[in-house]
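# Close look at the chain arrangement
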Amino acid sequence: MNRDTQISDLSLRLLGQAYDQLDEGEQRVIRTIAERAPTVRAADDDDGSQSSFGERLADRVAAIGGSWGFIIGFALVLFVWMLINSKALASLGLSFDPFPFIFLNLILSMLAAIQAPVIMMSQNRQAAKDRLTEKLDYEINLRAELEIMRLHEKLDQLRFHELRERVDALCDRLDARGQP
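Presented here is a report on the structure given in the accompanying data block. (Residues numbered from 1 in each chain as written. Predicted model: local features only at pLDDT ≥ 70, side-chain atom pairs only at ≥ 80, totals over all residues. Heavy atoms only, no water.)

Right, let's get into the pattern of salt bridges. Pairs may arise between side chains of opposite charge once their charged atoms sit close together. Within the structure shown, the criterion is met by ten salt bridges. The salt bridge partner of E153 is R13, with a shortest N-O separation of 2.2 Å. With a gap of 140 residues between them, E153 in helix α6 (residues 102–177) and R13 in helix α1 (residues 3–15) connect regions that are remote in the sequence. Relative accessible area serves as the criterion here: at 26%, E153 is assigned to the partly exposed category. Residue R13 is classed as partly exposed on the basis of its relative accessible area, which comes to 36%. A salt bridge links R143 to E147; the shortest N-O distance between them is 3.6 Å. (Salt bridge = Lys/Arg side-chain N within 4 Å of Asp/Glu carboxyl O. Helix = DSSP H or I, 4+ residues; strand = E, 2+ residues; numbered from the N terminus. Buried < 20%, exposed > 50% of the residue type's maximum accessible area, 1.4 Å probe, protein only.)

Attention now goes to the packing of helix α5 (residues 68–92) against α6. Remark: α5 packs on α6, axes separated minimally by 11 Å, with the N-to-C direction vectors making an angle of 160°. It follows that α5 is roughly antiparallel to α6 by the angle criterion. For the pair α5 and α6, the crossing hand works out as right-handed. Contacts from F70, F74, L78, W81 and M82 of α5 reach α6 at F103, L104, I107, L108, L111 and Q115. Here the residues of the contact of α5 with α6 sort into ten nonpolar, one polar and no charged. (Axes fitted to C-alpha atoms, helices over the stretch in contact; angles between N-to-C directions. Parallel < 35°, antiparallel > 145°, perpendicular 65-115°, else oblique. Left-handed = near helix turned anticlockwise from the far one by under 90°. Contact = heavy atoms within 4.5 Å. Nonpolar A, V, L, I, M, F, W, Y, C, P; charged D, E, K, R; others polar.)

Our focus in this paragraph is a nonpolar patch on the surface. Taken together, the side chains of F79, V80, L83, I84, F96, F103, L106, I107 and M110 define a hydrophobic patch exposed on the protein surface, amounting to about 810 Å² of accessible area. At the level of elements, α5 and α6 are the ones that each hand at least two residues to the nonpolar patch. Relative to the helices and strands, F96 resides in the loop between α5 and α6. (Patch = residues over 30% accessible without salt bridge, like charges linked within 9 Å, V, L, I, M, F, W, Y side chains within 5 Å. Areas by Shrake-Rupley, 256 points an atom, 1.4 Å probe, with all protein chains shown as cover.)

What follows covers the nonpolar core. Formed by I7, L10, L14, Y19, L22, V29, I30, I33, A34, L142 and L146, the largest nonpolar core amounts to eleven residues. For this core, the secondary-structure elements that each account for two or more residues are α1, α2 (24–35) and α6. Among the elements that make up this core, the one with the highest residue count is α2 (four residues). Sequence-distant contacts of I30, defined by excluding residues within four places in its chain, comprise I7, L10, S11, L15, Y19, L22 and L146. (Core = buried A, V, L, I, M, F, W, Y, C linked by side-chain atoms within 4.5 Å.)

Relative to the 112 Å expected for 76 residues at 1.5 Å per residue, α6 spans 110 Å between its end C-alpha atoms, a close match to the ideal helical length. Among the residues of α6, those classed as buried are L104, Q115, V118, S122, R125, L132, L136, E139, L142, R143, L146 and R150. Immediately beyond the C-terminal end of α6, within one or two residues, lies G178, with a positive phi of roughly 85°. (Expected span 1.5 Å × (residues − 1).)

Between α1 and α2, whose axes approach to 9 Å, the crossing angle comes to 120°. Regarding the angle of α1 to α2, the classification is oblique. The crossing of α1 and α2 is right-handed. Residues R3, Q6, I7, L10, S11 and L15 of α1 touch α2, and the partners they reach there are E26, I30, R31, I33, A34 and E35.

Shown next as structure tokens:
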């Protein structure tokens, strides 16, 4: 039996559809079963090699910006900024951003305007990774289910042959005794 025939037979027997009617993931599962090859794809395999510098930077900014270290450090910087501009430099007449800290508000607004889209880019990339992981999980689960179905078929065939042998042996014994 050639490979294409085997793949078509598996597709019809296990999924009840012609191979050409299956989606890409189901075709990949049928091919790996026919080839008796392991499922080796992982979501992380596609991650690092195809991402651009900007995408990796967005992931890094989101990882840092969403951490407690960043929040605590940024709070400390804001506190020091306000303390210096309200007490220390104000007494010397050198404060560069006196209360109500308009320059600080401008910097925070610019930071938020830049950080929000970068974090959204990272979230979009994470969503794409999650979709790929979900797709791979589906393929692995489908393959496991199909392999279990194949094992059941083999067990059923073994039981059938075993029962046929027992019936034949019983018939032979009965024939040997001369009974109908």
